[in-house]
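Analysis of the macromolecular model
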Amino acid sequence: MAEAALPLTPAPMEGHGVYNRSSRVQAAGSAPALSLLERAATQAALAPAPEPITIADYGSSQGHNSLAPMRVAIAALRRASPTRAISVVHTDLPDNDFAALFRMLAEDPKSYLRGDPTVFVSAIGRSFYEQVLPPASVSLGWSSWATQWLSRVPAQIPDHIQAAFSKDVEAREAFARQAAEDWQCFLACRGREIRPGGRLVVLTMALDEAGGFGYGPVVEAIHDALLALVEEGFLAMEEVRRMAIPTVARSREEFQAPFRERGHVAGLAIEHLQMFLGEDRIWAEFERSRDAQAFGAGWAAFSRASVFPTLAAELSGGPGDPRAGEFMDRLEAIMAMRLAMAPVPMQMPLARMLLVKEGS
């Protein structure tokens, strides 16, 4: 199967704060990286006064899962610099729902802006697979649940929607090549932006010790639900064939590969890298309540918030297809029903890492 020049990904998240309301999985998964972020903030080299201290949040989405990390980072920086201006810059793709982010920062009781008039916030609508901030301007970087998304869909997947579950060797190899290129590009861009002595913390999807992607029942439920919509006549099979979730999980070796030759990428070096299994909060709630419908609905809502808009972009009418809303509603309902029939815990392999910009 030949590679194809397919659209940049991912598609924009569903608007009106949907992602903020349905991202408990990501919030729980990010928690183990907060201690690493606090350590990074304590050790990061700061811009000389009176320049503001810049924190960059790479891949912020609608911002809910950035609240706790930014509070942790700001608190750590305040211990060393009680009155310095701090600039928090959230970055994501141009079509991201930045309005939801700014509303949340203004209204949420847990907003990091509350009580500190010397913290200033801004946003940049640009892919982090290019440079988004001036050279050597960032003291502290944070990226959570973002670098698993590829910059583009490198090839169609003929037998699935997720390359990790495909039996097509060419498709899997195309996704692996794109993942390697994107990781190298992400590191090189951050290396240019982070100041000498600055730090970057990354939390992202990973492969488990056996090379497994995880999330099997959820991914299969999405795929099965799409085929059910074809059987119902709501979707054409050709539409489903175009659909792909352009996410990858990397192994320890793949995370380390860009550093092997010189020990750094654009001055960035790995100080800490840990692979671990994230907490399945939806399963934990099911164990307490034994509510199978709530279990299915939780994972379906997670999937809708994170990947359904990307799938909907491949409808015949594109992202503006008049069936898009109904498509996501029906896909979510079928998914929830199927997952509720046999609740199981999800394997959620993750990696957390701390990178340091060499120099002083």
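It should be emphasised that the depicted structure is a prediction, and the values quoted were computed from it without experimental measurement.

**Quick word on the packing of helix 7 (residues 216–231) against helix 13 (residues 324–341)**
The geometry of helix 7 relative to helix 13 is characterised by a closest axis approach of 9 Å and an angle of 125° between their N-to-C directions. Considered as vectors, helix 7 and helix 13 are oriented oblique to each other. Seen from above, helix 7 lies across helix 13 with right-handed handedness. Residues P217, V218, A221, I222, D224, A225, L226, A228 and L229 of helix 7 touch helix 13, and the partners they reach there are F327, R330, L331, I334, M335, R338 and L339.

**Some points on the sheet that holds strand 6 (residues 268–277)**
Strand pairing in a sheet is mediated by backbone hydrogen bonds. Such pairs are either parallel or antiparallel. Strand order in the open sheet formed by 7 strands is 3-2-1-4-5-7-6, and the pairing between neighbours is mixed. With partners counted over all chains shown, the strands left at the sheet margins are strand 3 (119–125) and strand 6, one partner each. Strand-to-strand twist of the sheet, defined as the mean angle between neighbouring strand axes without regard to direction, takes the value 15°. Sheet topology note: the strand 2 (residues 86–92)/strand 3 ladder contains 7 bridges and is parallel. Among the inter-strand pairings, I86 is bridged to a residue of strand 3, identified as V119. Packing of helix 6 (residues 169–193) onto the sheet brings it into contact with strand 1 (53–58), strand 4 (138–144), strand 5 (194–205), strand 6 and strand 7 (349–357), and relative to strand 5 it is tilted by some 150°.

**Remarks on the pairing of strand 4**
A regular strand places its side chains so that they alternate between the two faces of the sheet. The buried fraction of strand 4 amounts to 7 of the 7 residues, a majority that puts the element mostly inside the structure. For strand 1 and strand 4, the ladder comprises 3 bridges, and the chain directions are parallel. The residue of strand 4 that forms the bridge with D57 is W142. Looking at chain direction, strand 4 and strand 5 are connected through 6 bridges and run parallel. Among the inter-strand pairings, G141 is bridged to a residue of strand 5, identified as L200. A crossover connection joins strand 4 to the parallel strand 5 through helix 6; in handedness this β-α-β unit is right-handed.

**Quick look at the confidence of the model for the protein chain**
Averaged over all residues, the pLDDT of the protein chain is 92; the fraction at 70 or higher stands at 92%. Here residues 1–23 is a poorly scored stretch, pLDDT under 50, and it has 78 contacts once near neighbours within four places are set aside; other chains count.

**Focus: the side chain of H160**
Looking at the secondary structure, you find H160 in the loop between strand 4 and helix 6. Given the relative accessible area of 6%, H160 is considered buried. Among the polar contacts made by the side chain of H160, one reaches the main-chain amide nitrogen of Q162 at a distance of 3.4 Å. Polar side-chain contacts of H160 include one of 3.2 Å to the side chain of E220. For H160, the residues in contact, after removing those within four places along its chain, are F165, S166, V219, E220, H223 and M243.

**Section: the pattern of salt bridges**
In this structure the tally under the stated criterion is 14 salt bridges. R79 is the salt-bridge partner of E38, the closest N and O atoms lying 3.0 Å from each other. Of the two residues, E38 sits in helix 3 (residues 34–43) while R79 sits in helix 4 (residues 67–80), which places them 41 residues apart along the sequence. Judged by relative accessible area, which is 55%, R79 ranks as exposed. Across the pair D116 and R78 runs a salt bridge, and its minimum N-O distance is 2.9 Å. Residue D116 is located in the loop between helix 5 (98–107) and strand 3, and its partner R78 is located in helix 4; the two are separated by 38 residues in the primary sequence. Bridged by salt links that share partners, the residues R39, R199 and E271 form one connected network.

The rules behind each value
- Residues numbered from 1 in each chain as written.
- Predicted model: local features only at pLDDT ≥ 70, side-chain atom pairs only at ≥ 80, totals over all residues.
- Heavy atoms only, no water.
- Axes fitted to C-alpha atoms, helices over the stretch in contact; angles between N-to-C directions.
- Helix = DSSP H or I, 4+ residues; strand = E, 2+ residues; numbered from the N terminus.
- Parallel < 35°, antiparallel > 145°, perpendicular 65-115°, else oblique.
- Left-handed = near helix turned anticlockwise from the far one by under 90°.
- Contact = heavy atoms within 4.5 Å.
- Pairing = 2+ DSSP bridges.
- Buried < 20%, exposed > 50% of the residue type's maximum accessible area, 1.4 Å probe, protein only.
- Right-handed = clockwise from strand over helix to strand, strands pointing away.
- pLDDT = per-residue confidence, 0-100.
- Polar contact = N/O pair within 3.5 Å; in protein donor to acceptor, adjacent residues only side chain to side chain.
- Salt bridge = Lys/Arg side-chain N within 4 Å of Asp/Glu carboxyl O.

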